[in-house]
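Chain by chain, the residues run as shown.
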Amino acid sequence: MDTDQNAAPSDGAAATPPRQSGHADGRRNTALGITLMAASMLIIPSSDAIAKYLSGAHSAVFLSWARYVAALGFLLPVVAIARLRAPEPLIAPGQLLPQIVRTAFLVSAMTSYFMAIKHVPLADALGAYFVAPIIATLLAAAILRERLDWRRLAAVVLGFIGALLVVRPGADTSSGTLIALASGALMACYLVMTRATAKASSPLSTLTLQLILGIAMLTPFVIFQWSMPDREAILLILLMGLVSAASNLMTISAFRLAQVSTLSPLVYLELVGATVLGFAMFGDFPAPATWAGIAVIVAAGLIVVAPRRLSGKAR
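Let us look at the structure shown here. Computed from a prediction, not measured in an experiment: that's the story for all the values here. (Residues numbered from 1 in each chain as written. Predicted model: local features only at pLDDT ≥ 70, side-chain atom pairs only at ≥ 80, totals over all residues. Heavy atoms only, no water.)

Here we look at the overall build of the chain
Here comes step 1: Helices and strands together make up the secondary structure of the chain, namely 12 helices and zero strands.
Here comes step 2: Buried residues in the chain amount to 46% of all 315 residues.
Here comes step 3: When contacts within the chain are restricted to residue pairs at least 6 apart in sequence, those whose partners lie at least 24 apart make up 91%.
Here comes step 4: A total of about 15700 Å² of accessible surface is found on the chain, and carbon and sulfur atoms cover 68% of it. (Helix = DSSP H or I, 4+ residues; strand = E, 2+ residues; numbered from the N terminus. Buried < 20%, exposed > 50% of the residue type's maximum accessible area, 1.4 Å probe, protein only. Contact = heavy atoms within 4.5 Å. Areas by Shrake-Rupley, 256 points an atom, 1.4 Å probe, with all protein chains shown as cover.)

Encoded structure:
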């Protein structure tokens, strides 16, 4: 749609409704994208908690592979039904290489994070991992030419401060913390690649291809780190796969609707989900600093979603 005001048609009144409709659609898409991203970030800590619980008996590579296999198992029936209704190619033309690169970033980030939480507390790993929104926002501005206004910068900075208040990382920097930092950097690259490729195919096709590629990438490594899960581990892996499939589908859908710099600060909501899960399952009541951090994270999210003031609205 042509948005050049200097090239308006002779009938100015007739041109106004489509422009207003387009702005309204954009606001609705952004709001839906924010809702999907927030929901995804709130449920994903349950998958991380399961991975940490199982990391004593299974390697990070095996857990990453098992989560992909379980998620694909839940997704295939949905894909089959969707293809019967509206067939579409799994890989859009010219998208194979970008999707391979995108999945490689995610597989590397997830496996690195599972390695980190095996050696350091989950909270410390999350604190290091949350460099991802900052890096993603800056990369999106540099690579995707997304506009970086003061609200998005403030949201990223506030979110990071809130994360530090919640996790309160110690002064010692362990190898696990460094691995978690690397995981956050890799996740930032994944977020930017997801935005760059999000509209090439449907979220369902994108996620299916992501899982297939992830399994293919991890299989050669898991052969040498295979460990047989018991009945409890199998059930937990299935649950982990279900949560993973749902959260990834929501994340991919969100990036079809909103910009990286808008959605990236909402990654900090994962801390809120982790806090609630810790209290519900283990009775860990958050300290005052944790509540302060959550309040800062919520403030960061409100900065992103608050409507801009339209200074020239009534002319």
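Let's pick the thread back up.
Side note on the packing of helix α2 (residues 60–85) against helix α8 (residues 203–222)
Here comes step 1: One can describe the packing of α2 onto α8 by two numbers: an axis separation of 9 Å at closest approach and a directional angle of 150°. Here α2 is positioned roughly antiparallel relative to α8, judged by the angle of their axes. As for the relative orientation of α2 and α8, their crossing is left-handed in sense.
Here comes step 2: Partitioning the contact of α2 with α8 into residue classes produces 19 nonpolar, six polar and one charged. (Axes fitted to C-alpha atoms, helices over the stretch in contact; angles between N-to-C directions. Parallel < 35°, antiparallel > 145°, perpendicular 65-115°, else oblique. Left-handed = near helix turned anticlockwise from the far one by under 90°. Nonpolar A, V, L, I, M, F, W, Y, C, P; charged D, E, K, R; others polar.)

Overview of α8
Here comes step 1: Its 20 residues give α8 an end-to-end C-alpha distance of 27 Å, which sits within 8% of 28 Å, the value for a rise of 1.5 Å per residue.
Here comes step 2: With 14 of 20 residues buried, α8 is to be regarded as a mostly interior element. (Expected span 1.5 Å × (residues − 1).)

Points about the environment of A300
Here comes step 1: Looking at where A300 falls in the secondary structure, it is placed in helix α12 (residues 288–305).
Here comes step 2: With 143 residues separating them in the primary sequence, A300 and V157 have C-alpha atoms 8.2 Å apart.
Here comes step 3: For A300, the residues in contact, after removing those within four places along its chain, are A155, L158 and G159.

With respect to the nonpolar core
Here comes step 1: Formed by 68 residues in total, the largest nonpolar core has its most connected members in M37, Y68, F114, F130, M187 and L263.
Here comes step 2: Here the element with the most residues in this core is α2; it accounts for 12 residues.
Here comes step 3: Excluding residues that lie within four positions of it along the chain, Y68 makes contacts with L106, V107, M110, Q210, L211, G214, I215 and L218. (Core = buried A, V, L, I, M, F, W, Y, C linked by side-chain atoms within 4.5 Å.)

Points about the packing of aromatic side chains
Here comes step 1: Going through the model one piece at a time under the given rule, you end up with three aromatic pairs.
Here comes step 2: Ring centres of F62 and W226 lie 5.2 Å apart, and the angle between their planes is 85°; this geometry places the pair in the edge-to-face category. Residue F62 is found in helix α2, and its partner W226 is found in the loop between α8 and α9 (231–257); the two are separated by 164 residues along the sequence.
Here comes step 3: With a centroid separation of 5.6 Å and 75° between ring planes, the pair formed by W65 and W226 is classed as edge-to-face. Of this pair, W65 sits in helix α2 while W226 sits in the loop between α8 and α9, placing them 161 residues apart in sequence.
Here comes step 4: Relative accessible area serves as the criterion here: at 17%, W65 is assigned to the buried category. (Phe/Tyr/Trp six-rings, centres within 6.5 Å; stacked < 30°, edge-to-face > 60°.)

What about the side chain of T111?
Here comes step 1: Relative to the elements of secondary structure, T111 occurs in helix α3 (residues 96–119).
Here comes step 2: Residue classification places T111 among the buried residues on the basis of a relative accessible area of 10%.
Here comes step 3: Among the polar contacts listed, one links the side chain of T111 to the backbone oxygen of V107, at a separation of 2.8 Å.
Here comes step 4: Setting aside anything within four residues of it in sequence, one finds T111 in contact with A60, V61, S64 and L218. (Polar contact = N/O pair within 3.5 Å; in protein donor to acceptor, adjacent residues only side chain to side chain.)

Points about a nonpolar patch on the surface
Here comes step 1: On the surface, a nonpolar cluster with roughly 510 Å² of combined accessible area is contributed by F74, I234, L235, L238, L239 and L242.
Here comes step 2: Element by element, the count of residues in the nonpolar patch is highest for α9, at five residues.
Here comes step 3: Within the element layout of this structure, L242 appears in helix α9.
Here comes step 4: Its relative accessible area of 40% is what places L242 among the partly exposed residues. (Patch = residues over 30% accessible without salt bridge, like charges linked within 9 Å, V, L, I, M, F, W, Y side chains within 5 Å. Salt bridge = Lys/Arg side-chain N within 4 Å of Asp/Glu carboxyl O.)

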